[in-house]
Structure formats: structure tokens, C-alpha cells
Amino acid sequence: MSKCTCFHSGGLQPITPWKDMITSAQLEQIRKNFASVKPMNEKPLALPKSDSAAAPAKPSAVVIERGPVRPFHTGYARIDNAITDALRGKSQELKDSVYDIIWSDFLPNNVHGVEETDRLARISLGVEKAAYLADQFMDEGTKASFMDAMRSIARIGMEGERVDSCHMKYHVKNVIGLDGNGYVHEDSRGEIQYAMEKFSPETYAEYQKMLNASGEDTTESALFSLKWAISNIDLVAAGRPGYQKYQDEQYEKLYQVELDRTFSGSDTSSKEKFLESIKAKLQANRDLQINLFMEQIAQMSKAPGGYLVGRRMILSGRA
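Since this is a predicted model, take the numbers as computed values, not measurements.

With that out of the way, let us pick up the overall build of the protein chain. For the protein chain, the count of helices and strands is 11 helices and six strands. Residues counted as buried form 34% of the 319 residues belonging to the protein chain. By sequence separation, contacts in the protein chain at least 24 residues apart represent 72% of the contacts at least 6 residues apart. Counting only carbon and sulfur atoms, one obtains 53% of the accessible surface of the protein chain, whose full area is about 20700 Å².

Structure (C-alpha cells):
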């Protein structure tokens, strides 16, 4: 792995002692004035006397409850809407567990300290976690479409690229069109760009040049393509069948990506058997960072019921 460049690698900065930050003259002045300053409290600090010894106070537990896990959308309607349908009417705990798999296992942004073999193995673990949730909380019809969608997102994760030693880039859409029911809709930009490239390659080259030079602010290039589409509605319509075929080919290409199989075949019949099965497979893969996965297993074991993510954390300590 290349040398880490993210903020995690900065480490602690050395602390300059206070006496090294002032001059000797300032220090001498402080010493002279110290004795002349009247104490703020002339009464000695003492605990009140009591005839009976009070019982030691028992520390109370602190309960921390985090909010729901934010849904993740890839922007590909066939994938995202299958997950939305599968989770409709389900508990918030199940939704948290599913979306945590996508954020943490399939498509993590920061992979500081994670080797590529561990990243791919974690995708495999995420697929098995999804299969466990499907077996425990979904009917057979829902389970099939849900797992197809989750495996598709796992394949997007398999194709992810490191932009530096600690951050990942995935082929997902940054702008997502959602309706009031939470469904993703394919926007028109794809078919506009397809038609522009097919019927007006010179204009498309100009658009690409503008897009590459725009950085994060793509407003100018977006307006450029929209103006072209308004002036060439007939060409956009003519290119629609070809664009639909292109989309089908892209989905088919994604389905061909091979998934990591490190944790494949885990026992999903119960939570206890599932966690034990994962531990056994982890012991059989000693080249992985064992602690990284054991920490995740510990967190899953603490989650309530049959879920894999707990929103409530109880902290207690000894006096």
C-alpha cells in the first residue's frame, strides 16, 4: 500500500512547554508579582463533617442513541428501487442494518489502514450480512430481488478505484433524482449525452472539454448540454432506443463482475450461528487483518435482536 496521506496519518504534534514560550524577563516579573496577589479564597477547602459515612454513589449508565443510517442511492434505478421496495414497511432497525452494509462494507469512502485484500473481503462479508438479513426478515419473493440489488452494489464496490492511499472512487451517480415515494428516476442527462456523442461528435467534444475544466462546479457544462437538447429534441428522441440498449449493456456488464468469496457460504439460519460461521471463516483466512473483522463482529453481537446494527449504545464505568 502506498504511504498514507490523509488526516489520520498526521499524528500528534509536539507540545511546546509554557516556560519556553515566554522570555526570562517575563518569567521574573511573574515571580515578583505572585506573592503580592491576594488569594481568591482565604478559607481552607474542607469537606463538611458528618457523623455517618455516606454510601458511595453508584455511577449511572450513559445511553447514547444515534439517528438512523442515511439511505444510500447509486443513481441506477433498477438497483436502488429494488432495495426501496424490499425495505418498504420494514423496521427502522432493518433499514439501518441494510444501509450500513452499503456505506461501510460495499462503498466506504475512507479506507485508511485497509489493504486491498481486506477491502474486498469486507465486500464479501457485506454480501453475507445482506443474505442473513434477507433470510431473517424477508419473504422469498422479496429476498430474490433484494439480493440481486445488493450484489450489484457489491460489484460496484469491487470495481472501485483508489484515488489516493486512503480514499475510494466508485462509479455511482452524484446527482440523484428521487420522487416522493423514495424511488430513483434516471435523469435525462445520459440520453442527451448519448445523442450528442452519436449525432454531433464535435459538439460532444466541446462539451467534454468544458466538463473536464469545470472541476466540481458543472453548472456551465450542464446548461450547455441542456441548450443543445432543447435545440435538438428530434435527435434526442432518435437516440433513445440506442441509449436504452446501451443501458442494458452496462447493467449486463456489471452483472459479470466476480465477487470476492472469502465469507461465502456463511450460516444464515440464526444470528448466533451466523456470527460463529463468520469467525470460523476468518480463522481460515489468516492473511486478513483479523482485528479489523473481529471488531465488526463484536459490534454486530451487541446489536439488539436479530439485527446487525444497534442505534443505542450504553456506556457504564466504575467509580
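Moving on from the model shown.
Here we take up helix 11 (residues 290-302). In a regular helix each residue adds 1.5 Å, so 13 residues correspond to 18 Å; helix 11 covers 19 Å between its end C-alpha atoms and thus fits that length. The set of residues buried in helix 11 consists of Ile-290, Phe-293, Gln-296, Ile-297 and Met-300. With its buried residues spanning 135 degrees around the axis, helix 11 presents them on a single face. The outward face of helix 11, more than 90 degrees from its buried face, is lined by the exposed residues Asn-291, Glu-295 and Lys-302. Looking at the buried side of helix 11, the elements it contacts are helix 3 (92-106), helix 4 (116-137) and helix 10 (271-283).

Now for the packing of aromatic side chains. Per the counting criterion, the structure on display carries nine aromatic pairs. A ring pair is formed by Phe-137 and Tyr-307, whose centres lie 4.8 Å apart and whose planes are at 5 degrees; its orientation type is stacked. One end of the pair, Phe-137, is in helix 4; the other, Tyr-307, is in the loop between helix 11 and strand 6 (312-315), and 170 residues separate them in sequence. Judged by its relative accessible area of 17%, Tyr-307 falls in the buried class. Residues Tyr-194 and Tyr-243 carry aromatic rings whose centres are separated by 5.9 Å and whose planes lie at 55 degrees to one another, so their mutual orientation is tilted. Residue Tyr-194 is found in helix 6 (residues 189-199), and its partner Tyr-243 is found in helix 9 (residues 233-255); the two are separated by 49 residues along the sequence.

Bringing the nonpolar core into the picture now. The biggest cluster of nonpolar side chains holds 52 residues, and the ones touching the most others in it are Ile-83, Val-98, Ile-102, Phe-106, Leu-107, Phe-146 and Met-150. For this core, the elements supplying multiple residues, two or more each, are helix 2 (77-87), helix 3, helix 4, helix 5 (140-158), helix 9, helix 10 and helix 11. Ranked by size, the runner-up nonpolar core spans eight residues in total, among them Ala-195, Met-196, Trp-228 and Ala-229.

A separate point is a nonpolar patch on the surface. Among the surface-exposed residues, Leu-223, Leu-226 and Ile-230 lie close enough to one another that they form a single nonpolar patch of about 290 Å² accessible area. Inspection of the secondary structure assignment puts Leu-223 in helix 8 (residues 219-231).

So, about the pattern of salt bridges. Side chains carrying opposite charge are able to pair once their charged atoms draw close together. One pass over the full model with this rule turns up 10 salt bridges. Among the ionic pairs, Arg-162 bridges to Glu-116, the shortest N-O distance being 3.3 Å. With Arg-162 in strand 2 (residues 161-162) and Glu-116 in helix 4, this residue pair connects regions lying 46 residues apart in the sequence. The exposure class of Glu-116 is partly exposed, given its relative accessible area of 32%. The partner of Glu-191 in a salt bridge is Arg-240, and the shortest N-O contact between them spans 3.3 Å. Residue Glu-191 is located in helix 6, and its partner Arg-240 is located in helix 9; the two are separated by 49 residues in the primary sequence. Each of the salt bridges in this network shares a partner with another, and the network as a whole consists of Asp-105, Arg-122 and Lys-129.

Calculation notes
- Residues numbered from 1 in each chain as written.
- Predicted model: local features only at pLDDT ≥ 70, side-chain atom pairs only at ≥ 80, totals over all residues.
- Heavy atoms only, no water.
- Helix = DSSP H or I, 4+ residues; strand = E, 2+ residues; numbered from the N terminus.
- Buried < 20%, exposed > 50% of the residue type's maximum accessible area, 1.4 Å probe, protein only.
- Contact = heavy atoms within 4.5 Å.
- Areas by Shrake-Rupley, 256 points an atom, 1.4 Å probe, with all protein chains shown as cover.
- Expected span 1.5 Å × (residues − 1).
- Arc of directions from axis to C-beta.
- Phe/Tyr/Trp six-rings, centres within 6.5 Å; stacked < 30°, edge-to-face > 60°.
- Core = buried A, V, L, I, M, F, W, Y, C linked by side-chain atoms within 4.5 Å.
- Patch = residues over 30% accessible without salt bridge, like charges linked within 9 Å, V, L, I, M, F, W, Y side chains within 5 Å.
- Salt bridge = Lys/Arg side-chain N within 4 Å of Asp/Glu carboxyl O.

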